[in-house]
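Observations on chain architecture
Each chain is listed here by its residues.
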Amino acid sequence: MTTSQNTASKRIPGWIKTLFLVLLLSGISFAAWQQLPRGGISTDLSVIGTDKPTLVLTRDTNYVGGGEVLDFLRAAQAEHGERVYLRIAHQGQEDGRAFAQDNDSRDGDLVLLDAEGEVIAGPVLPQTYADVEALLAQTE
């Protein structure tokens, strides 16, 4: 008879179960939200060789190196976006793979092209935002 009393006293209260479930779902939702692509930089490579220089990031989402460089590009967009096209050569797209192959670039590499589409610099794997600024300074 003491067995039924012991199992009743060992039960977890319902509010703790609910709190745990809410925290678990919140954590999963946050992790999923972090994996969503961040907007702002186009993958349209057709602007290369048109009217202004283009800085292209080779990006392969199977690797993590290009993620930090992508953050550098987002930071540069506000300051340099008017005079330089900032683009991503996404390896999941045919034109992105072709660009990477033509320029011998890998995930995280930046390639700077002039207004005619000729390579000015690259591929370069920047380590800091200052490296990106130095590349963009070559277009002035």
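Owing to the predicted nature of the structure, the values given are computational and were not obtained by experimental measurement. (Residues numbered from 1 in each chain as written. Predicted model: local features only at pLDDT ≥ 70, side-chain atom pairs only at ≥ 80, totals over all residues. Heavy atoms only, no water.)

1. Regarding the confidence of the model for the protein chain
We apply this condition: What pLDDT conveys is the predictor's confidence in a given residue, as a value from 0 to 100. Counting from the N terminus, the helices are the DSSP runs of H or I reaching at least four residues and the strands are the DSSP runs of E reaching at least two.
Residues at a pLDDT of 70 or more form 91% of the protein chain, whose mean pLDDT is 80. Between the elements of the protein chain, mean pLDDT differs from a low of 55, seen in helix α1 (residues 2-9), to a high of 88, seen in helix α2 (residues 14-35).

2. Concerning the pairing of strand β2 (residues 85-90)
Put simply, the test is: Residue burial is assigned from relative accessible area. The probe radius is 1.4 Å, only protein chains are included, and a residue is buried under 20% of its type maximum, exposed over 50%, and partly exposed in between. Note on pairing: DSSP must find at least two bridges between two strands before they are called paired. When the strands point away from the viewer and the connection leading from the first strand across the helix to the second strand turns clockwise, the crossover is called right-handed.
Counting buried residues in β2 gives five out of six residues, a clear majority hidden from the surface. For strand β1 (residues 54-59) and β2, the ladder comprises six bridges, and the chain directions are parallel. Considered in β2, the bridge of Val56 is made with Arg87. Handedness of the crossover joining β1 and β2 through helix α3 (residues 65-80): right-handed.

3. Focus on unusual backbone geometry
For Asp104, which is not a glycine, the phi torsion comes out positive at approximately 50 degrees. Mapped onto the elements, Asp104 comes out in the loop between α4 (94-103) and β3 (110-113).

4. Here we look at the nonpolar core
Filter applied, for reference: Nonpolar cores were defined as sets of buried Ala, Val, Leu, Ile, Met, Phe, Trp, Tyr and Cys residues, with membership established by side-chain atoms within 4.5 Å.
Counting residues in hydrophobic clusters, the biggest one holds 17 residues, and the most contacted among them are Leu55, Leu73, Leu110, Val132 and Leu136. Secondary-structure elements contributing two or more residues to this core are β1, α3, β2, β3 and α5 (129-137). In terms of nonpolar packing, the next biggest core, distinct from the first, is built from six residues, Leu45, Phe99, Val111 and Leu113 among them.

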